[in-house]
Each structure stands twice: as C-alpha cells, then as structure tokens.
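So the chains spell out like this:
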Amino acid sequence: MLSRFLQSQEQNTILIRGPWGVGKTYAVTAFVDSFNFDQSPSLVARSYVSLFGKQTISAVQREIFSAAQQVGPDDGIRTRLGLAAHKLIQLEKYVAQSKLQRTWRWLGSKLGQVQAPWVGELGAMMSQGNYGLVDGFLVTIDDLERRSASVSLRDTLGLADELASHRNCKVIVICNEDALDEHDQRVLAEYKEKVFDLEILFARSPKDIASIGLPNKCSHRDVSESILEKLGISNIRVAKRYAFLVDQVWPDLERADPRISQEVLGHIAILTWARYDSTAKIPQERLGYLASESSWMASAMRDREEEKAEWEINWEAAAEALEFSPEAYDAALVEYLRTGIWIPGAISLELKSKGENLQKLEAAESMRAAWRLYSDSFNPDHADFVAALIGAVDRHLIQISPRDVDSAFHALEDLGVDFSDLAQRYVAAAREQIEAAAREDWPFEDFKSNALRPLIQAARNVDKVLPTIDAALERISIDRSWSEEDILALDACTEDDLFEWMKSAPENLPTKIRRGLLFLGSQKSDARYPNIGEKAKKALERMAGTSELNRIRIENMFNIKLERE
C-alpha cells in the first residue's frame, strides 16, 4: 500500500491510524528506510517529525526541513531547492551522524557573518527559518494525538494539506484516533476526507505482537507466544515489558518443573497486561487484590445479575483465558510492577515450595480440567461436569483453596446435586484452611455456596466485637464508608432490635433509616442487603402502628405504603 502510494501521481496524503503500541511508527520508518526512492523520482528528501512537545506550527515547519535527509540525486535536489538548500541538507546530515551538535549550533550563529559562495545564503536561511525550501519531500507527521494544546488539530491538518497541495510533497500522518478527545475526533471526522487521499487502519494480531515483542533467542519463546496470544495482547510495548520481567525471573524459572514455569509465565503475562495495557482499564490500587484473591473459577460462578465495571469484565475475561488462580509468588511480581525494582531470587522460595508440593499443582490442574467442561462447550448433559468437580475436590481436599471449593459447591447447588457427604469430608479435612480464609480481608459476598458461606461467616465472627446498630448506620449513612463488621452487625440484629433502636430516637434518625437501612435494602450486590432492608421495613410498619402520627410520618418520610385497617 505505501509503495503504491509513494509511486502514485494522484495520491499525496495518507492517514495511518491504529491503537497504541501496535508498531505504527516502527513499520512506517522501516518501510521508508528500505524504499527505493528511484521509483519515486519527484521526491528529493524525506523528513520525520513527531508532534510531541512541539508548541507551535512554526516549530513543526522548521523541523520538517531541519530533519530532512536527501533521497534524490544531487542534481535533482539542486534543481528543485537550489545549491544552498542542498548544502544545508548535506551539512545537517553530516552533523546528525557525528557528535558535533554543539559545534553546529555555534556554526549556525556564525554562518550569517561569513562570506562564502553558499555559506552566506545558508546563514540567512538559518536565521529566517527554512520551511520555504520544503518542496518534493516525503513528510511523516507522527503522534497527532500527543501534540501540545497550543497546536490545534485543524492547523496540523491544514499543514498536511498545504504540503501536499502547494509543495509537491507526499505526507504520511500517524495517529491513535481513539486517544483524541471528543472535539478533535469531530474535527478529524469533518476534515478527514478533504485532507487525506488514503486511510489505513494499522493492526496486528496477538500472534504477530508476541512474535515482535519477544526476543528472537529465548528459551521460553514458544510457551510465551502461546500465553500472550491467549491473553490477546495487542501492544508491542506490553509484550516487551513482559519479556523484560521474564528475563529477570528466568534464572529461577529455568530450573523449575515445566508445569510450574508455564504457570508463572502466565501470571507474569496477566499482571503485566493489567499494569501496563491502558485498554484493560484495571485500577492500579486493585492490582494487589486481584493477584491475591481473584480466581477465574470464582469469577465463573458470580451472579450474572451483578453490575460489573468495565475493568472487572476485562479482568475476568483475561483470568478465564489463562485460568488464573492466585499464588504466593504473585506478591513479588506485583511489587516489581509497582516499583520497577526486582530483587534476584524474590520468588525462589515459593518456587521451591511448589516444586516440593506438586500435589497442589495437580489439584489446580484437576479443577481447571473440570471447569473447562463448563466453559468450553454447550453440552447439555452435566453429568461429566458434576463428576469432574466432585472428583477434583474429593481427591485434593486440602490442596484447593476454599474460594475455589466454594465455586464448585455453588455450581453443584445450582444443578441440584446432593453432595452433602463430600461437603462434610471437606469441612472436616480443611477446617484450618476455612478459618484462614475467614481471616483474610476479602469480600465476604464472594462466597456463594450454602455449604461454606455460613462457616465462613461464623469463623469471621469468632472473638469479634461487632459495632452497635447506631455506630454501623452512622458510617453507612453519614460517612458513606463502612466495613464488613458494620454489615455483620446489621445482618445479625433482629426486627425487634431495629424497632428498639428506632424508639431510642438516635441523632440523625431519618437519615440513618433512609440512607442506611433502606439504601442497603435496595442494593443487590450482597445477599444480606435485601434481608437488612426487609427487617427495617417491618420495624417501621410496627412503629406506624403505635400512633396515627407515626403512620403519617412513615408513609410520607420514607415512602412506605401501609395497609389500612
């Protein structure tokens, strides 16, 4: 396409757009470097200009000439631009290839004072600007979306049009259209057809991205290409960051069991993607939580009615693609991604432990195999899936995390399977793991199964002093910030408790009822919330029965419809 464009007599401007990191600039520069300009004799020079950091259109115009490299024969450029411009391009090319930039700046300040056949003319050009000499250039304008606010998109497009229409130039404009703000996107849409003769959407497949981003000679190349392709990495820079982190970790990985090495590479890939790929939109403050608590098997059984942010959907898709489950070594990987500092041997102890206990790895693979029967087909017969889940849990009672067991139990409950014997064996064998899970500060609502949820709740309540109703509602309704203990306190209280609390006339009572109890009752993100709201409504109905005035208050203030006796 670009070759035909440069040889065409009718097409002079082209827009190359595509997402960040797919290698647009690299591909264009590599093509221009290798192009035989004898096929396009009207071009005498080429110039690459990035708009990043340019404060004015004049600065862009000056750089178009100062960055020029001769591509045509000497006779052609002398004929087109004159002897002085030819000498200036030659001199700038020489200086660009040497270490004489300071000398060049000094020479530039002195040339206007020297009387030589062409030097005096050069000095005039350098002092007055040399954009007027641009004619018959191939001009590449890059980073359209990164230009300064003082350089308008309209003026930039006008410059491209002027170069093509009045200066016999070929113009290539490179941009990430999605990174433009709404105003600039409207401007580009308005002028695109007027300014550009051609338009290319530049994209590469994840396989190509992996191939480019990974070093040619590395022991893990085949495995890494497969992982990055599964993850759908579409950004060369992200692939290179992945390769760099793997390079730091590889001295430990190359001696590990291949199954462990492949697992760690998958974790490096998904965490690098979450940290550096802007399209993932993962909040960086959640990275540690996702790496320590968020299993793809748990995600598979989340309630479909739950509203999810875009980043949650992205993470769950990525975690499912790589069958990600948290591991102890993830903390060291996240710390590196946060700080950029890798301590050699940071995960060696974790890898040694995994190597000594491959039963846990086999348990994880057994669970993955079971869940693939759920996620990879639409087979209506669930017998194989049920048998695989029960078999995986039964064979590896204490090697599977409580959260992943809970996901399996929740699926079995949804299918109406009686697994009470298995549940009893698991609870008896994994009591320590269940209690440890209850002590972790993860969202309680992620436990869905009737078999495990009450046990987790009971374990969390051991030796725990819950706040009062009033203190909990103060944080929910006034501070708008509450903890798991506040929800536990409200969930544990009875209708009578709420009625007595209302009778005590605490401070900010209407707000605490409206923005506390009734607000929770309207939420569906936790199964306990509607129950709290229902108890509150019954307590209010009882309060309405104490007097006609209270009936009127409750109907008008809290919009609760009461039955007339």
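As a reminder, the structure under discussion sits directly above these lines.
Reading guide: rules and limits
Residues numbered from 1 in each chain as written. Predicted model: local features only at pLDDT ≥ 70, side-chain atom pairs only at ≥ 80, totals over all residues. Heavy atoms only, no water. Helix = DSSP H or I, 4+ residues; strand = E, 2+ residues; numbered from the N terminus. Areas by Shrake-Rupley, 256 points an atom, 1.4 Å probe, with all protein chains shown as cover. Buried < 20%, exposed > 50% of the residue type's maximum accessible area, 1.4 Å probe, protein only. Phe/Tyr/Trp six-rings, centres within 6.5 Å; stacked < 30°, edge-to-face > 60°. Lys NZ or Arg CZ within 6 Å of the ring centre and 35° of its normal. Pairing = 2+ DSSP bridges. Contact = heavy atoms within 4.5 Å. Axes fitted to C-alpha atoms, helices over the stretch in contact; angles between N-to-C directions. Polar contact = N/O pair within 3.5 Å; in protein donor to acceptor, adjacent residues only side chain to side chain. Core = buried A, V, L, I, M, F, W, Y, C linked by side-chain atoms within 4.5 Å. Parallel < 35°, antiparallel > 145°, perpendicular 65-115°, else oblique. Left-handed = near helix turned anticlockwise from the far one by under 90°. Nonpolar A, V, L, I, M, F, W, Y, C, P; charged D, E, K, R; others polar.

## Observations concerning the overall build of the protein
Then, number 1: A tally of helices and strands in the protein yields 30 helices and six strands.
Then, number 2: Total accessible area computed for the protein in this model is approximately 28900 Å², and 49% of it derives from carbon and sulfur atoms.

## A short note on the environment of Phe 558
Then, number 1: Relative to the helices and strands, Phe 558 resides in helix 30 (residues 548-558).
Then, number 2: Residue Phe 558 is classed as buried on the basis of its relative accessible area, which comes to 11%.
Then, number 3: Distance from Phe 558 to Arg 514, taken between C-alpha atoms, is 6.7 Å for residues 44 residues apart in sequence.

## Overview of the packing of aromatic side chains
Then, number 1: Tallied over the entire structure, the rule returns 11 aromatic pairs.
Then, number 2: Ring centres 6.1 Å apart and planes at 80 degrees place the aromatic pair Tyr 336 and Trp 342 in the edge-to-face group. Trp 342 shares its class with Tyr 336; the two are buried.
Then, number 3: When the ring of Trp 482 is compared with that of Phe 519, the centres are 6.3 Å apart and the planes differ by 75 degrees; the resulting orientation is edge-to-face. Placement of Trp 482 in the loop between helix 25 (469-479) and helix 26 (484-492) and of Phe 519 in helix 28 (residues 509-521) is noted, with a sequence separation of 37 residues between them.
Then, number 4: These aromatic residues form a ring-pair network of at least three members: Phe 31, Phe 35 and Phe 37.
Then, number 5: A cation over an aromatic ring shows up here: Lys 194 above the ring of Tyr 191, its NZ or CZ 5.6 Å from the ring centre.

## Quick look at the sheet that holds strand 2 (residues 45-50)
Pairing between the strands of a sheet comes from backbone hydrogen bonds, and it takes one of two forms, parallel or antiparallel.
Then, number 1: Pairing is mixed in the open sheet, where six strands are placed in the order 3-2-4-5-1-6. In the strand order of this sheet, the two ends are held by strand 3 (69-70) and strand 6 (198-201), each with one partner.
Then, number 2: Note that strand 1 (residues 13-17) and strand 6 share four bridges and pair parallel. Bridge pairing in strand 6 places Ile 16 opposite Ile 200.
Then, number 3: Across the sheet, helix 2 (residues 24-34) lies against strand 1, strand 2, strand 4 (137-142) and strand 5 (170-175), angled at about 155 degrees from strand 5, the strand it touches most.
Then, number 4: Across the sheet, helix 3 (residues 57-66) touches strand 2 and strand 4, and the angle it forms with strand 2 is around 140 degrees.

## Observations regarding the side chain of Arg 167
Then, number 1: Counting through the fold element by element, Arg 167 comes out in the loop between helix 8 (153-166) and strand 5.
Then, number 2: At a separation of 3.4 Å, a polar atom in the side chain of Arg 167 contacts the main-chain carbonyl oxygen of Val 134.
Then, number 3: When sequence neighbours within four positions are dropped, the list of residues in contact with Arg 167 reads Tyr 131, Gly 132, Val 134, Asp 135, Gly 136 and Glu 162.

## With respect to the nonpolar core
Then, number 1: Core analysis: the biggest nonpolar cluster contains 49 residues, and Ile 270, Leu 271, Trp 273 and Trp 315 have the highest contact counts within it.
Then, number 2: If you list the elements that add at least two residues to this core, you get helix 10 (206-213), helix 11 (221-231), helix 12 (236-253), helix 13 (258-276), helix 14 (287-293), helix 16 (310-322) and helix 17 (330-339).
Then, number 3: A per-element tally of this core places helix 12 first, with 10 residues.
Then, number 4: Residues within four places of Ile 270 in sequence aside, it is in contact with Leu 231, Trp 315, Ala 318, Ala 319, Leu 322 and Phe 324.

## Re the side chain of Arg 147
Then, number 1: You can see Arg 147 is positioned in the loop between strand 4 and helix 8.
Then, number 2: Of note is the side chain of Arg 147, whose polar atom sits 2.6 Å from the side chain of Asp 184.
Then, number 3: Beyond its immediate sequence surroundings of up to four residues, Arg 147 is in contact with Leu 51, Ser 152, Leu 153, Thr 156, Leu 180 and Asp 184.

## Things to note about the packing of helix 10 against helix 11
Then, number 1: Between helix 10 and helix 11, the shortest axis-to-axis distance is 8 Å and the interhelical angle comes to 140 degrees. Relative to helix 11, the element helix 10 lies oblique. The hand of the helix 10/helix 11 crossing is right-handed. Contact with helix 10, carried on its side by Pro 206, Lys 207, Ala 210 and Ser 211, involves Arg 221, Glu 225, Leu 228 and Glu 229 of helix 11 and no other residues of that element.
Then, number 2: For the contact of helix 10 with helix 11, the per-class residue count stands at three nonpolar, one polar and four charged.

On their own, these measurements won't tell you what the molecule is for.
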